[in-house]
Amino acid sequence: MAKHVVGAAKDVPPGERLRVDVAGTPVVIYNLGGEYFGLLDRCPHMGGLLSEGIQIGLVEAPKPGCYSYDRAGEIVRCPWHGWEFDIRTGKSRFDPKRWKTRPVEVETAEVKDAQTIDVAQDGLNIVVTL
Amino acid sequence: MTVETIQNPGAAIAAGQKLAIADCDIHPSPKSVEKEVFPYLEKRWQDHYNTYGLLLRQPYQNGPAYPKGQPDAARRDAYPPNGGRPGSDLAFMQTHHLDRYNIQLGILNPLRSGQGLQNPDFAAAYCKAVNDWQIAEWTSKEPRLKGSICIPYEDAALSVQEIERRVGDPNFVQAFMLIRTSEPMGNRRYWPIYEACAKNNIPLAVHAFGFGGSPVTGGGWPSFYIEDMVGHAQSAQNLISSIVLEGVFERWPSLKLIIVEAGFAWAPSLGWRLDRVWRQNRHELPHVKRPPSEYMRQNVWYTTQPFEEPDRRSHLKDTFEWIGWDRLLFATDYPHWDFDDPQRIPLPRADAETRNAFFLQNARDLYGV
Ligand code: FES
């Protein structure tokens, strides 16, 4: 496991996402209301790029005829066959135990000696542990 | 440390992939009907198109009867970077799809091709224009791609004219219909089409969807797209039953029928059921000389997309063996949203030769290319 600085936090405001290649691994990072979450950018079904999928809310029916919609933007829908994944956990909605994409640890930190050009020298950076 | 965004996620896959692929279901679209199809359409029909559009025999005239799984029924990553609908840009299709998966043979199946239009003369004119367009924009520019002869199949005489116009043309490898015809497909009104295909040794592909005017299920119009999707299996079973029982394969034993995008795991149970009822009622249709499943094995091929996904892959093995590995044709449905990735479908275990047949050689043998 190593820490990788992948960008400046200010470049990924709430509601936005960032697709990066971290040491050969495709990762997509989401900012949900100021919190950052990372997922392996590969759908466990057939490998669609989750980073190309839209972010939707969670539509549920606690019982038939009764619907709820919340957590707007916290579910990513695969651009291919539409499987839904919880961005906070990487787990699929339809079978969270069996079908999930790998969550990737993301934090924000000030990084003084970052070598990369597109990283903020002052302010927070996005750091991925992989 | 360097940080790269992923420009071409497919490149790594293509480099490691040796298997050559035939994709038996690719959907091209015109960038613009006016620019690409109108040159092959008489002025009268251009005016008709501009005034009325493409009116189908279905109760929902403004677009599809059901919301698709994704907008325009397309993979969200299949929009050409220079604009236009998914499947409308040859250069993008080449890199995004053909090169990436090492597709050596791609069969073009145009939808919105004039098939099922209520006005039979307009249907014929539009199908002909779409066929000319396939040559001009696709097959003449990319030898890996082969076209489908779109026919206005509700009018058999006009369909035969279109088939005969294209006989011997290497741009085309099959005639093309949609599954939901206005009468069951074995009905005599369609026989001239089967005769023309058999006589000229042109396989006949029948693709999911269609606009015959009947509800999309045997129980009427359902509420949801998922029911439309699973309904293709019903429609395909209807058509096979009808064609077999009306004696079409007995009359034209060399006719090759390809079921496209309607699944295949239902085929064994359909064969069992047909055989059982045939044994019990054989005297009603003496022209069906052999058990229906024998005609299915002899005359029918199936494209595999959307692939079956049982919990246990081994369950598919029996299905493949009943149908015959030589009767299954790999397809992706590119650029549509329910695309199958050749490396990710849960294919039953098989030796290298069988896999190669499934992914490539079956199609080459069937189409003779
Ligand atoms: S590849 Fe993501 S849902 Fe199929």
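Anything mentioned here points back to the structure above.
Residues numbered from 1 in each chain as written. Chains lettered and ligands numbered in written order. Predicted model: local features only at pLDDT ≥ 70, side-chain atom pairs only at ≥ 80, totals over all residues. Heavy atoms only, no water.

1. Let's talk about the overall build of chain B
Okay, step 1: Of regular secondary structure, chain B possesses 13 helices and eight strands.
Okay, step 2: Rg of the C-alpha trace for chain B: 20 Å, near the compact-globule value of 21 Å for 369 residues, within the 12% margin.
Okay, step 3: Reported as C-alpha extents along the three principal axes, the dimensions of chain B are approximately 75 × 55 × 45 Å.
Okay, step 4: In chain B, buried positions account for 57% of the 369 residues.
Okay, step 5: Once local pairs closer than 6 in sequence are excluded, the contacts in chain B between residues at least 24 apart make up 79%.
Okay, step 6: Put simply, chain B shows about 15800 Å² of open surface, and 50% of that area lies on carbon and sulfur atoms.
Okay, step 7: Looking at charge distribution, chain B has the averaged site of its 39 positive side-chain charges lying 2 Å from that of its 43 negative ones. (Helix = DSSP H or I, 4+ residues; strand = E, 2+ residues; numbered from the N terminus. Rg over C-alpha atoms; globule rule 2.2 N^0.38 Å. Buried < 20%, exposed > 50% of the residue type's maximum accessible area, 1.4 Å probe, protein only. Contact = heavy atoms within 4.5 Å. Areas by Shrake-Rupley, 256 points an atom, 1.4 Å probe, with all protein chains shown as cover. Lys, Arg positive; Asp, Glu negative; His and termini not counted. Charge placed at Lys NZ, Arg CZ, Asp CG, Glu CD.)

2. Topic: a nonpolar patch on the surface
Okay, step 1: A surface patch of nonpolar side chains, amounting to about 400 Å² of accessible area, comprises Val59(A), Tyr67(A) and Tyr69(A).
Okay, step 2: Within the secondary structure, Val59(A) sits in strand E5 (residues 54–63). (Patch = residues over 30% accessible without salt bridge, like charges linked within 9 Å, V, L, I, M, F, W, Y side chains within 5 Å. Salt bridge = Lys/Arg side-chain N within 4 Å of Asp/Glu carboxyl O.)

3. Regarding the interface of chain B and chain A
Okay, step 1: Between chain B and chain A, the contact holds 23 residues from the first and 25 residues from the second.
Okay, step 2: Put simply, chain B and chain A have one salt bridge between them.
Okay, step 3: Between Asp311(B) and Arg98(A) there is a salt bridge; the shortest N-O distance is 3.3 Å.
Okay, step 4: A class-by-class count of the residues in the side of chain B that touches chain A yields nine nonpolar, four polar and ten charged. (Nonpolar A, V, L, I, M, F, W, Y, C, P; charged D, E, K, R; others polar.)

4. Looking at the sheet that holds strand E9 (residues 124–129) of chain A
All names here are of chain A.
Okay, step 1: Read across the open sheet, the six strands follow the order E1-E9-E8-E4-E3-E2; overall the sheet is antiparallel. Across the chains shown, the open sheet's two edge strands, defined by having one partner strand only, are strand E1 (3–8) and strand E2 (17–22). Taken over all neighbouring pairs, the strand axes of this sheet differ in orientation by 30 degrees on average, direction set aside.
Okay, step 2: Pairing between strand E4 (residues 35–40) and strand E8 (residues 103–110): two bridges, direction antiparallel. By the bridge assignment for E8, Gly38 is matched with Val104. (Pairing = 2+ DSSP bridges. Axes fitted to C-alpha atoms, helices over the stretch in contact; angles between N-to-C directions.)

5. Digging into the sheet that holds strand E4 (residues 172–178) of chain B
All names here are of chain B.
Okay, step 1: Taking strand neighbours across the sheet as the criterion, the eight strands line up as E1-E2-E3-E4-E5-E6-E7-E8 in an open arrangement whose pairing is parallel. Each edge of the sheet is formed by a strand with only one pairing partner; in this case those strands are strand E1 (21–26) and strand E8 (328–329).
Okay, step 2: Sheet topology note: the strand E7 (residues 300–303)/E8 ladder contains two bridges and is parallel. Along E8, the bridge assignment pairs Thr303 with Leu329.
Okay, step 3: Most of the contacts of helix H8 (residues 225–245) go to strand E6 (residues 257–260), to which it runs at about 165 degrees, and overall it touches strand E5 (204–207), E6 and E7.

6. A short note on the packing of aromatic side chains
Residue and element names in this part refer to chain B.
Okay, step 1: Counted by the stated rule, this structure contains 22 aromatic pairs over all chains.
Okay, step 2: Of the aromatic side chains, those joined through ring pairs into one cluster are Phe264, Phe307, Phe320, Trp325, Phe330, Phe358 and Phe359.
Okay, step 3: The lysine or arginine in question, Arg75, covers the ring of Phe339, its NZ or CZ lying 4.3 Å from the ring centre.
Okay, step 4: The side chain of Arg297 reaches across the aromatic face of Trp322, ending 4.4 Å from its centre. (Phe/Tyr/Trp six-rings, centres within 6.5 Å; stacked < 30°, edge-to-face > 60°. Lys NZ or Arg CZ within 6 Å of the ring centre and 35° of its normal.)

7. Things to note about the packing of helix H3 (residues 43–52) of chain B against helix H5 (residues 120–139) of chain B
Residues and elements named next belong to chain B.
Okay, step 1: Direction vectors running N to C along H3 and H5 enclose 110 degrees, while the axes themselves pass 11 Å from each other. Comparing their axes, H5 and H3 come out roughly perpendicular. Taken together, the residues of H5 that come into contact with H3 (itself represented by Trp45, His48 and Tyr49) are Asp121, Phe122, Ala125 and Tyr126.
Okay, step 2: By residue class, the composition of the contact of H3 with H5 is five nonpolar, one polar and one charged. (Parallel < 35°, antiparallel > 145°, perpendicular 65-115°, else oblique.)

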